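Residues per chain, in single letters:
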Amino acid sequence: MKRIFALAVILLSTIGGALETRAGELRAGVAKVDITDRTGPVNDPCFAKALVLRSDQATLVLITIDVVAIGEIGRIGNGFLADVRGQLEKKLAVPPSSVVITASHCHGLVRADTAQLVVQAVEEAASNLVPVKAGAGTEHEDRISENRRLKMKDGSEVDMRRAYSMPRDEDVASVGPIDPQIGFLRLDREDGRPLAVLYNFACHPIMNPPIKGSSADYPGFASKVIEESLGDGAIAFFVQGCAGDINPVRYKEVSRPPDAEPLGTMLGLSVMHGVRKTATKADGILKISHEVITLPRGADLERRIAAIQSEQTKLLQSLKPTNINFKTFLPLLVQQKLSPDFPSHYSQSYLHDKALGRDTLTKFDTENRASVDAYLQNIQVMEQLTRLNTNLALLKKHLIQNRAVGKPTLDVEMTGIRIGDFKLVTFPGELTVQIGLNVKKAANDPCAFVAGYTNGYIYYTPTVEQRNNTGYAQEDCDSIVAPEWQKIFEARALAILQELRR
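Every value quoted in this text rests on a predicted model; they were computed, and no experiment measured them.

I'd love a proper account of the sheet that holds strand β16 (residues 422–426), names of residues and values included.
Overall, mixed pairing links the four strands, which are arranged β14-β15-β16-β18 in an open sheet. Every other strand in the sheet has two partners, leaving β14 (286–296) and β18 (448–451) as the edge strands with one partner each. With strand direction ignored, the average angle separating the axes of adjacent strands in the sheet is 20°. With five bridges joining them, strand β15 (residues 409–419) and β16 adopt antiparallel strand pairing. From the neighbouring strand, Ile419 faces β16, where its bridge partner is Phe422. Helix α13 (residues 485–501) rests against β14, β15, β16 and β18 of the sheet, and its axis sits at about 165° to β14.

This is the structure we're talking about:
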């Protein structure tokens, strides 16, 4: 009798487990919570969103947050990742390696209790798991981004920032690439109603001006378009791509105020165009890989600092004496451009003096042209010094950081995720776009994508060529890694994506 009872208990347990997650079945739950700090001006809300996925082999918690980074900079502290993971392990028995937290990289301001709100969102999502079907695809969007690095004719590179001016047009040779690909995952309930869309795209969310108030920037507007289009309580999850050197298009425009909403609307509509033509299927594949890789810290920061300081000295010594200031420079410049042959007076005066053998106006113009040329050169020197000063401060900051750590390497997390046909490899750095293009090309998989800004933050991670740039741009100065990091990362990213396909 006892044996029969024991068998019955085993049978009921087995049936119960099967009802919770049938073999080969994928279940998902979603939730979102407003994390906006409303003590100051707010343009649009920031959210934390939770996607919980469970199969008979694995559980994944994917959290997207409308913040600038997971630690180091902004309002999310360095203990945030461990805090959220610790709470989820305790409350839901989810191992830390199965919790992926990614930042959109917007500059919105969030509440001090964001960690607790995130945990609550995950608990809500985990309590509402339903069977889902998955589909993956891509779409194209090339209207909202531009590469912010300019390749100069002297072989160096300069970047576009609001912290300093653009270089002279005549000194620019070319610009870098963008990645117009949108990668997305569609999750539908069994009855076909949408539950979630996860989309990956590479572009800095920095088009909302601070004067408008806190904002989730273009990803917030894109997700709003997607969620309103899908209906049925579906949630859109934005996952930032390799956006380290990618700006919103016309980022430096001064003829009208910057506005993130049109860019987000275009992106959201492009996502929906792809999602609507993507079929889903009952594919229970859910794979998660997690590893920690070791990268070399930059050992050349002192040398780069010295090189900038040497360049600063040369530029200061190149400043030319001139008789004019800005008040007198501007009208002289206009006169010389408006009438190159007769800038100081009417042509009649020049012809009259010439007939009498005089050249006073001509000599006067020669002196003024020299003053204007000298002033223009001084302006260019000032602009170069501004750029160098800004990036020198970044190098000095990271030299102090690297020295304080006391070791030549840093450990970072990489996570591989496969949901149906959708595959994603994540990294905590601000990957520049060529890195992502390289990995996706090598993977040779239309549904393989790359995300930065995830599970931590280690500043910019540029290509070897960018990292060794003699023009000193933000991506190569606001970086703590050595140039050799690229080869290590790309090899591991490719290996992870290949493993996910098996």
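Picking up where we left off.
Break down the environment of Arg501 for me, with residues and values.
For Arg501, the position within the fold is in helix α13. Expressed as a C-alpha distance, the spacing of Arg501 and Asp445, which sit 56 residues apart in the sequence, is 9.2 Å. In contact with Arg501, other than residues within four places in its own chain, are Arg418, Lys423, Ala443, Asn444 and Asp445.

Which residues make up the confidence of the model for the protein, and what are the values?
Of all residues in the protein, 95% attain a pLDDT of 70 or more, and the chain-wide mean is 94. The model gives residues 1–21 a pLDDT under 50, and that stretch makes eight contacts with residues more than four places away or in other chains.

Give a description of the pairing of strand β11 (residues 194–201) that names residues and reports values.
Along β11, eight of the eight residues are buried, which leaves the element largely enclosed by surrounding structure. Where strand β10 (residues 181–189) meets β11, six bridges bridge the pair, whose relative direction is antiparallel. By the bridge assignment, Leu187 is partnered in β11 with Ala196. Linkage of β10 to β11, two consecutive antiparallel strands, is achieved through a turn of four residues, within which Gly192 is found at a positive phi near 95°. The pairing of β11 with strand β12 (residues 235–240) spans six bridges and is parallel. In the strand pairing of β12, Val197 is matched with Ala236. Following the backbone out of β11, through helix α4 (residues 217–230) and into the adjacent parallel β12, one traces a crossover that is right-handed.

Quick one: what's the story with the state of the cysteines, residue by residue and with numbers?
Counted under the stated rule, the structure contains zero disulfides. There is no disulfide at Cys106, and the cysteine sulfur nearest it, in Cys46, is 4.6 Å away. Residue classification places Cys106 among the buried positions, given a relative accessible area of 0%. Take Cys203: it sits in no disulfide, and the sulfur closest to it among the cysteines is that of Cys106, at 13 Å.

Give a detailed account of the packing of helix α10 (residues 433–443) against α13, specifying residues and quantitative values.
At a minimum axis distance of 10 Å, the contact between α10 and α13 shows a crossing angle of 40°. Looking at the two axes, α10 sits oblique to α13. Crossing of α10 over α13 shows right-handed handedness. From α10, Ile435, Asn438, Val439, Ala442 and Ala443 reach across to α13, where they touch Trp485, Gln486, Phe489, Glu490, Ala493, Leu494, Leu497 and Arg501. Looking at the contact of α10 with α13 residue by residue, the classes come out as nine nonpolar, two polar and two charged.

Definitions and cut-offs
- Residues numbered from 1 in each chain as written.
- Predicted model: local features only at pLDDT ≥ 70, side-chain atom pairs only at ≥ 80, totals over all residues.
- Heavy atoms only, no water.
- Pairing = 2+ DSSP bridges.
- Helix = DSSP H or I, 4+ residues; strand = E, 2+ residues; numbered from the N terminus.
- Axes fitted to C-alpha atoms, helices over the stretch in contact; angles between N-to-C directions.
- Contact = heavy atoms within 4.5 Å.
- pLDDT = per-residue confidence, 0-100.
- Buried < 20%, exposed > 50% of the residue type's maximum accessible area, 1.4 Å probe, protein only.
- Right-handed = clockwise from strand over helix to strand, strands pointing away.
- Disulfide = S-S within 2.5 Å.
- Parallel < 35°, antiparallel > 145°, perpendicular 65-115°, else oblique.
- Left-handed = near helix turned anticlockwise from the far one by under 90°.
- Nonpolar A, V, L, I, M, F, W, Y, C, P; charged D, E, K, R; others polar.

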